[in-house]
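# Structural features, examined
Here are the chains, one letter per residue:
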Amino acid sequence: MSTEHQRILPDGERRSLPLNGHVGFDSLPDQLVNKAVSKGFDFNILCVGETGIGKSTLMDCLFQKSFDDKPTTHKLPNVSLNSSTYTLKEGTVTLRLTLIDSMGFGDQIGRADSHAPIVDYIDEQFEKYLQEELKIQRDLYSFHDTRVHLCLYFLPPTGHSLKSIDLACMKELMQKVNVVPIIAKSDTIGKADLTKFKNRIMEEVLENGVDIYSFPTDDQPVAELNAKMNKLVPFAVVGSRESVEVNKKMVRARCYPWGTVEVENEGHCDFVKLREMVLRENMEDLREKTHSAHYERYRRAKLAEMGFAQRDETDQPVRLSELIEKRRHQHLQQMQAREDEMRQMFVNKVKDKEAELKQSEQDLHVKFENLKRTHAEEKRKLEDRRRILEEEMNKFNKHKAETQAAQAQAARDMAQGNSVGSPGSPKSGKRKK
């Protein structure tokens, strides 16, 4: 076998160089396939929809496996996400599947920010991958990629129009993840109404600028099929965990008094089309678009926020080492400016405190002088009062002494008068004569 190699000449012309014999680089695709198969694949699906709309049941049907899940109540105060990772194997291919369920979505009274926890979760997974990329010793080969590759947005089969919460949420998610809307429990609505409902959904999606995932039509083997399936979005699906015997074959189905709805019957719902488009035909495109579009958008925004740029002020390519050194210099300048600012702030606070203490000292000195004068005045008053009391006491004692002396004199006089007037006394005898 002979091959040809094209060489570009300086004048721009191309010249074909024949290669004699088999070279062997045509086995490169097989090498890539073998390496990828030995490593395994990561695929992560985010299910967004109201509680009880059938998210877990549909996942069981998609992968023909009963996953462990717990029933969710309608009384959750906020929207929360629960992720579970499973290792599936089909043939020689190993798939590490992560299912993320949005619990409590649409159950709150205030539902304006119901999408916020979902967007935060997607950004967290992007951040984990970015941190691994920025490590000096990174290991992306064995790194568990948790970035969300597909968001199945479950719409209730109302038959009318989209709710405002659905439009707002899909508009926020379209820049973060591949969004594929599906109509859950489509067996509860008639075929004519279902067709009208699909058309109305797509009209509202286009009118509100919601960019949902479109199956690629640039790959020739699946271009025609994908173009046809793009016209069927949103897929109307039915899920069931029950197996029913139909035509001597056990199939997943839902039984009603009026008949049986088979999950994998294309005449009953679009479940098979959804599975073919997502898992069989376009799984790698979902993974590739997540990496090259959604994650790349997040990475650029994050690096730009950190100060990294692709070109400098003169429109010249920037080397990473120069950029890091420049950022380091800017950071040191900012730290120095911050340190000077903190030092000046400390000095100002010390001055303010010194002025405050000085003013307090002056206030205390004035208060002390006032207390001192008050104390001296009170002492003077007490001294005057004591002097007055001493004078009054001296007068009282003098008066008391005079009174006692007068009483004593009166007593002596009275005693003498009694002794002169008694019967045995000479004076009394003379008076009798």
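Residues numbered from 1 in each chain as written. Predicted model: local features only at pLDDT ≥ 70, side-chain atom pairs only at ≥ 80, totals over all residues. Heavy atoms only, no water.

A word on unusual backbone geometry. Note that the residue after Val 233, namely Pro 234, is joined by a cis bond; omega there is 0 degrees. Following the sequence through the fold, Pro 234 ends up in the loop between helix 6 (220-230) and strand 8 (235-236). At Lys 185, a residue that is not glycine, the phi angle is positive and equals roughly 50 degrees. (Helix = DSSP H or I, 4+ residues; strand = E, 2+ residues; numbered from the N terminus.)

Let us look at the sheet that holds strand 4 (residues 80-90). Pairing in this open sheet of six strands is mixed, and the strands run 4-5-3-6-7-8 from one edge to the other. Looking at strand neighbours, the two that pair on one side only are strand 4 and strand 8, the edges of this open sheet. By the bridge criterion, two bridges tie strand 7 (residues 179-183) to strand 8 in an arrangement that is parallel. Across the sheet, the residue bridging to Ile 182 is Phe 235, located in strand 8. Across the sheet, helix 3 (residues 116-133) touches strand 3 (41-48), strand 4 and strand 5 (93-103), and the angle it forms with strand 4 is around 50 degrees. (Pairing = 2+ DSSP bridges. Contact = heavy atoms within 4.5 Å. Axes fitted to C-alpha atoms, helices over the stretch in contact; angles between N-to-C directions.)

Attention now moves to the confidence of the model for the protein. Mean pLDDT over the protein stands at 84; residues scoring 70 or higher make up 87%. Low pLDDT, under 50, characterises residues 427-433; the predicted model gives this stretch six contacts beyond four residues in sequence or across chains. (pLDDT = per-residue confidence, 0-100.)

Take helix 1 (residues 28-39) next. Side chains that are three or four residues apart share a direction in an α-helix, a result of its 3.6 residues per turn. With 12 residues, helix 1 extends 17 Å between its outermost C-alpha atoms, agreeing within 8% with the 16 Å of an ideal straight helix rising 1.5 Å per residue. Once helix 1 ends, the next one or two residues include Gly 40, with phi positive near 90 degrees. (Expected span 1.5 Å × (residues − 1).)

So, about the sheet that holds strand 9 (residues 243-246). Read across the open sheet, the three strands follow the order 9-10-11; overall the sheet is antiparallel. Among the strands making up the open sheet, the edge pair consists of strand 9 and strand 11 (259-262). Here the strands of the sheet are splayed against their neighbours by 65 degrees on average, with no regard to which way each runs. Sheet analysis places strand 10 (residues 249-256) next to strand 11, joined by four bridges and oriented antiparallel. Bridge assignment links Arg 254 to a residue of strand 11, and that residue is Val 261.

If you check which residues of helix 6 are buried, you get Val 222, Ala 223, Asn 226 and Met 229. Within helix 6, the buried residues cover an arc of 140 degrees as seen down the axis, which keeps them to one side. In helix 6, the exposed residues that point more than 90 degrees away from the buried face are Gln 220, Glu 224 and Lys 228. Where helix 6 is buried, its residues contact strand 8 and helix 7 (271-281). (Buried < 20%, exposed > 50% of the residue type's maximum accessible area, 1.4 Å probe, protein only. Arc of directions from axis to C-beta.)

Okay, the packing of aromatic side chains next. What the rule picks out here adds up to 10 aromatic pairs. Ring geometry for Phe 67 versus Tyr 86: centroids 4.6 Å apart, planes at 50 degrees, classification tilted. Taken as a pair, Phe 67 in the loop between helix 2 (55-63) and strand 4 and Tyr 86 in strand 4 lie far apart in primary sequence, 19 residues in all. When sorted by exposure, Phe 67 lands in the same class as Tyr 86, which is buried. By way of ring pairs, the aromatic residues Phe 126, Tyr 129, Phe 143, Tyr 295 and Tyr 298 are connected into one cluster. Residue placement shows Arg 147 over the ring face of Tyr 129; its charged tip is 3.7 Å from the ring centre. When the ring centre of Tyr 295 is taken as reference, the NZ or CZ atom of Arg 147 above it lies at 4.9 Å. (Phe/Tyr/Trp six-rings, centres within 6.5 Å; stacked < 30°, edge-to-face > 60°. Lys NZ or Arg CZ within 6 Å of the ring centre and 35° of its normal.)

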